[in-house]
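# Structure at a glance
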Amino acid sequence: MCTTLPSSDIRFSFSLQICGCALIGLGIYVFVQVYRPQVLPNASISGPPIVIIAVGVVIFFISFFGCCGAAKENYCMVTTFAVFLLLIFLVEIAAAIAGYVYRNQIQDAFTDSLKDDLKKYNTTADVRKAVDDLQRDLQCCGVANYSDWYEVDPFKDRQQLPESCCKVSSTECGKNLTNVYPDGCVHKIEDLLRKNIAIVAGVALGIAFFEILGIIFACCLMKGIRSGYEVM
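The rules we used
- Residues numbered from 1 in each chain as written.
- Predicted model: local features only at pLDDT ≥ 70, side-chain atom pairs only at ≥ 80, totals over all residues.
- Heavy atoms only, no water.
- Helix = DSSP H or I, 4+ residues; strand = E, 2+ residues; numbered from the N terminus.
- Buried < 20%, exposed > 50% of the residue type's maximum accessible area, 1.4 Å probe, protein only.
- Contact = heavy atoms within 4.5 Å.
- Disulfide = S-S within 2.5 Å.
- Patch = residues over 30% accessible without salt bridge, like charges linked within 9 Å, V, L, I, M, F, W, Y side chains within 5 Å.
- Areas by Shrake-Rupley, 256 points an atom, 1.4 Å probe, with all protein chains shown as cover.
- Salt bridge = Lys/Arg side-chain N within 4 Å of Asp/Glu carboxyl O.
- Core = buried A, V, L, I, M, F, W, Y, C linked by side-chain atoms within 4.5 Å.
- pLDDT = per-residue confidence, 0-100.
- Expected span 1.5 Å × (residues − 1).

Across its full length, the chain holds six helices and zero strands. Reading the chain from its N end, one meets helices and strands in the order α-α-α-α-α-α. The buried share of the chain, taken over its 232 residues, is 40%. Pairs at least 24 residues apart make up 70% of the contacts formed inside the chain by residues separated by at least 6 positions.

Glancing now at the state of the cysteines. Per the counting criterion, the structure on display carries three disulfides. Disulfide pairing places C141 opposite C165 at an S-S distance of 2.1 Å. Across the S-S bond linking C141 and C165, the dihedral sits near 80 degrees, which makes this disulfide right-handed. Residue C141 is found in the loop between helix 5 (125-138) and helix 6 (185-227), and its partner C165 is found in the loop between helix 5 and helix 6; the two are separated by 24 residues along the sequence. C165 matches C141 in its accessibility class, with the two residues each being buried. Here C166 is linked by a disulfide to C173, with a sulfur-sulfur distance of 2.0 Å. Since a negative S-S torsion denotes a left-handed disulfide, the C166-C173 link at about 105 degrees is right-handed. Residue C173 is classed as buried on the basis of its relative accessible area of 1%. When the cysteines of the chain that form disulfides are numbered from the N-terminus onward, they connect as 1-6, 2-3, 4-5.

This part is about a nonpolar patch on the surface. On the surface, a nonpolar cluster with roughly 840 Å² of combined accessible area is contributed by V83, F84, L86, L87, L90, I93, I97, Y100 and V101. With respect to the helices and strands, V83 occurs in helix 3 (residues 75-101).

Time to look at unusual backbone geometry. With omega at 5 degrees, the peptide bond leading from D153 into P154 counts as cis. In this fold, P154 is placed in the loop between helix 5 and helix 6. Although it is not a glycine, Q139 adopts a positive phi angle of roughly 55 degrees. Topologically, Q139 is positioned in the loop between helix 5 and helix 6.

By size, the foremost hydrophobic cluster in this structure holds 24 residues, and its most contacted members are L114, C141, W149, L161, C165, C173 and V180. Where this core is concerned, the elements lending two or more residues are helix 4 (103-119), helix 5 and helix 6. Per element, the largest residue contribution to this core is four residues, and it comes from helix 5. If you look at the next biggest cluster of nonpolar residues, it comprises 19 residues, including I59, A70, V78 and A82.

For the chain, mean pLDDT is 77; residues scoring 70 or higher make up 82% of the total. Element-level mean pLDDT values for the chain span from 69 in helix 1 (residues 5-35) up to 87 in helix 5. Per-residue pLDDT stays below 50 along residues 1-5; that stretch engages in six contacts with residues further than four places along the chain or on separate chains.

What follows deals with the environment of L114. Inspection of the secondary structure assignment puts L114 in helix 4. Through-space distance from the C-alpha of L114 to that of V131 is 8.4 Å; in sequence the pair is 17 residues apart.

With 14 residues, helix 5 extends 20 Å between its outermost C-alpha atoms, agreeing within 8% with the 20 Å of an ideal straight helix rising 1.5 Å per residue. Among all positions in helix 5, only V127, A130, V131, D132, L134, Q135 and L138 are buried. Taken from the residues just after helix 5, Q139 is the one with a positive phi, measuring 55 degrees.

Glancing now at the pattern of salt bridges. As enumerated under the stated definition, the model contains four salt bridges in all. For K129, the salt bridge goes to D133, with nearest N and O atoms at 2.9 Å. Highlighted residues: K129 and D133, both in helix 5, separated by four residues, approximately one helical turn. For D153, the salt bridge goes to K156, with nearest N and O atoms at 4.0 Å. For D153, a relative accessible area of 51% gives the class exposed.

Structure (structure tokens):
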């Protein structure tokens, strides 16, 4: 069995590289589509997708390192690969626990960031566009609901809302509240996160499984190298 370890470990390291690329792609998708950095620049909000991207990059390079170690049957390189893979696995567990523990703080950060964007709506063109895009894409209005806009100039007279708040675009948006999206954007973002969390969790569990197998393969290869197995 040990005679096949190097080639098996090379193939497995290559599979981990693919997993790393998948994590990078997943992190970018979550960062751009779910967290929307233009609207939610808060560091505590953008942290999770950045961690996903960082872990993906590290896994990609560490897997390449492990592949080289297996090809050269280098004990030090394979050992380093196993240690780093174990550290990454522990970091992922810690990140998952931290995300669960601080989930309420993340929700508060969503709310605070959106409220701040509403205040800047008529002072910054980039923020205005980002908020309008968010409301149109998620079909939402305001933070908790459309009434949040009544605290912001020039909507305090309660006669008008941003055009992006209306189901059917209108320059007089707000005069007919039946045409206004009833849900606030925080609620919609939470729904979006809940819908995507299953995908993120599934990918994370799959990659964690591959990481455990990678550690086992590396340990077997280390044992084989030390015992001086024969190569067929």
